[in-house]
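Notes for the structure review
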There are 2 protein chains.
Amino acid sequence: MTHFHDPTTCQSCAQRFASVFCKAKQEFISEINDQKICNIYKKGQTLFNEGSYPFGVYCINEGKVKLSHLGDDGKEQIIRLLRGGDVMGYRALLSGERYSASAIALEDTQVCFIPKELFISVLKNDTGLAFEMMKLLSDELHKAEVKLTHLAQKPIRERLAETLLFIKETYGYEADGITLSVRLSREEIANLVGTATESTIRLLSEFKKDGMVELDGKKIKILRQKELIKTANLQD
Amino acid sequence: MTHFHDPTTCQSCAQRFASVFCKAKQEFISEINDQKICNIYKKGQTLFNEGSYPFGVYCINEGKVKLSHLGDDGKEQIIRLLRGGDVMGYRALLSGERYSASAIALEDTQVCFIPKELFISVLKNDTGLAFEMMKLLSDELHKAEVKLTHLAQKPIRERLAETLLFIKETYGYEADGITLSVRLSREEIANLVGTATESTIRLLSEFKKDGMVELDGKKIKILRQKELIKTANLQD
DNA sequence: TAACATGCATGATTTTTGTCATGTTTTTAA
DNA sequence: TTAAAAACATGACAAAAATCATGCATGTTA
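Notes on the structure in this doc start here. Treat the numbers as computed from the prediction; the structure is a model and nothing was measured.

**Here we look at the nonpolar core**
- Formed by 96 residues in total, the largest nonpolar core has its most connected members in Phe119 of chain A together with Phe119 of chain B.
- Discounting chain neighbours no more than four positions away, the residues touching Phe119 of chain B are Phe21, Val57, Tyr90, Leu93, Leu94, Ile114 and Met133 of chain B.

See below:
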């Protein structure tokens, strides 16, 4: 079980992480600091569930979380990967709906919960934060549209390569500089790529044969990033 | 060439359409009314282009517009269909980026252009409108995430049925109550579904054979909506 | 430690989907 | 009005991807 530091104050947290809340005015940050509730979720635990009503937003202090969505036939689709500093639960809150996705801890994770009323009232009184939220939503929308296009137009081989690069961008490497610092099952990777688990397993083996990655159970090492980028066939 | 009424004032426009701007305070609506620039785009004309910088937002007064995104290999992916009352161009503006999609008129269309500075200043001074924008962005994000999941998990047959229903939801029927009131080429439908044009043509023929639709060039009539819904295999 | 469950891996096969080729129809423009 | 271009349609084929089956490894629990 991971050991966490004593819950940081939002003031120091805002310095450490690039959360949207950094941009809130000082007075509101201390108000948030007073009312926030810190919590620790163990690996595999659910923070909130698709279909239930939101009572606030969550800000990750430390840890990793997946946001996933169930397809009509019950298959998981992972729509976002979150890390320290990331906020979640705001989409449902802002559109006044139930959660459209579930949040599940990928490892032991410490989060702050900010009650709905406080979040809304701060947003109402802090235009700067409201603009940050709009920017955040716009960026997420952009990412979703790009992913949509890739899902529609790119073969699985390219999407898997892209997903590996995305995981690396999100969570980075371990100390050795080549091992992805998150452990995902093959099934989870498949649910991120949008394909069958077997296809993912097969293609990962191919990538290994091609010398692009090294596999050791859930440990994945990126050996040749440039080749991976070429395989992903990215424009940007 | 379609005939349009004289450009309506925003006051009357806001009543007629369910635009986000309805929710702005009266004083700002008249300010928008003073500064807006109305324009007519003919079918096929481009309102703005992916990659260029936004100078304001567009509000559709009357007409139909597609928002499309080019894939890395240059293939079009239609990411949204817009109608009267819909606003576009806000995503790029709010995230401070270039347009990530192009807007092209599907028929003769009248739009109001609202300059960037005005839009931002109204947004800064009208919290209600800011919340409406956040809600709009959240709703779009939700739709994108659902579409993403379907794209990843559903076969083309289901996605085509879903797309036909989506077109009907967006643009409705003509006076006869069964003909979709928009003319899209088979290629455009394919770029909405995320598949090859030939697959779309073939499946449309099958739907016709099954008695679900009737085809007359670009005119598509929905004969059995219930069957279509079943074919789309939708949960909601 | 044995028994079981779960995840990983791989082969064989089928299904789905895309691509290429060709002909027809419709639309557009000279 | 006619020629050219674009869109539609369909068959044949190839490629991509899913599914089913099986075995091995790993990890978990009684």
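**What to know about the interface of chain B and chain A**
- With 45 residues of chain B at the contact, the number on the chain A side is 45 residues.
- Carbon and sulfur atoms supply 62% of the area buried between chain B and chain A, which totals about 4,000 Å² over both sides.
- For chain B, the biggest contributors to the area lost against chain A are Asp72, Leu148 and Gln153 of chain B; these three give 17% of the whole.
- Remark: the boundary between chain B and chain A carries 4 salt bridges.
- Between Asp72 of chain A and Lys154 of chain B there is a salt bridge, with the nearest N and O atoms lying 3.2 Å from each other.
- Remark: the boundary between chain B and chain A carries 16 residue pairs in polar contact (both at pLDDT 80 or more).
- Every element with two or more residues in the side of chain B that touches chain A is listed here: strand E5 (76–82), helix H3 (90–95), helix H4 (116–125) and helix H5 (127–153) of chain B.
- The greatest single-element share of the side of chain B that touches chain A, amounting to 22 residues, is contributed by H5 of chain B.
- Here the residues of the side of chain B that touches chain A sort into 16 nonpolar, 14 polar and 15 charged.

**Quick notes on the sheet that holds strand E4 (residues 65–70) of chain A**
All names here are of chain A.
- Pairing in this open sheet of 4 strands is antiparallel, and the strands run E2-E7-E4-E5 from one edge to the other. Each of the sheet's edge strands pairs with one partner strand only, and the pair in question is strand E2 (46–48) and strand E5 (76–82). Sheet twist, expressed as the average angle between the axes of neighbouring strands with direction ignored, equals 30°.
- Inspection of the sheet shows E2 paired to strand E7 (residues 102–105) by 2 bridges, in the antiparallel sense. Residue pairing across strands places Thr46 opposite Ile104, the latter belonging to E7.

**Concerning the side chain of Glu158 of chain A**
- The topology assignment puts Glu158 of chain A in helix H6 (residues 156–171).
- Excluding its chain neighbours within four sequence positions, the residues that come into contact with Glu158 of chain A are Thr231, Ala232 and Asn233 of chain A.

**Brief notes about the protein's contact with DNA strand D**
- In the vicinity of DNA strand D, 14 residues are found, and the nearest of them are Ile156, Thr195, Ser199 and Arg202 of chain A together with Arg186 of chain B.
- When the atoms of DNA strand D within 4 Å of the protein are grouped by moiety, sugar and phosphate amount to 60% of the total.
- Thr195 of chain A is positioned such that a nitrogen or oxygen atom in its side chain is 2.6 Å from a phosphate oxygen of DNA strand D.
- In this structure, a phosphate oxygen belonging to DNA strand D sits 2.8 Å away from a side-chain N or O atom of Ser199 of chain A.
- At the level of elements, helix H8 (197–209) of chain A together with helix H8 (197–209) of chain B are the ones that each hand at least two residues to the surface near DNA strand D.
- By residue number, the principal contributor to the surface near DNA strand D is H8 of chain B, which donates 4 residues.
- For the surface near DNA strand D, the class distribution of residues is 4 nonpolar, 4 polar and 6 charged.

Cut-off values and rules
- Residues numbered from 1 in each chain as written.
- Chains lettered and ligands numbered in written order.
- Predicted model: local features only at pLDDT ≥ 70, side-chain atom pairs only at ≥ 80, totals over all residues.
- Heavy atoms only, no water.
- Core = buried A, V, L, I, M, F, W, Y, C linked by side-chain atoms within 4.5 Å.
- Buried < 20%, exposed > 50% of the residue type's maximum accessible area, 1.4 Å probe, protein only.
- Contact = heavy atoms within 4.5 Å.
- Buried area = accessible area lost by both parts, 1.4 Å probe.
- Salt bridge = Lys/Arg side-chain N within 4 Å of Asp/Glu carboxyl O.
- Polar contact = N/O pair within 3.5 Å; in protein donor to acceptor, adjacent residues only side chain to side chain.
- Helix = DSSP H or I, 4+ residues; strand = E, 2+ residues; numbered from the N terminus.
- Nonpolar A, V, L, I, M, F, W, Y, C, P; charged D, E, K, R; others polar.
- Pairing = 2+ DSSP bridges.
- Axes fitted to C-alpha atoms, helices over the stretch in contact; angles between N-to-C directions.
- Near = heavy atom within 4 Å.

Read these as geometric descriptors, not functional statements.
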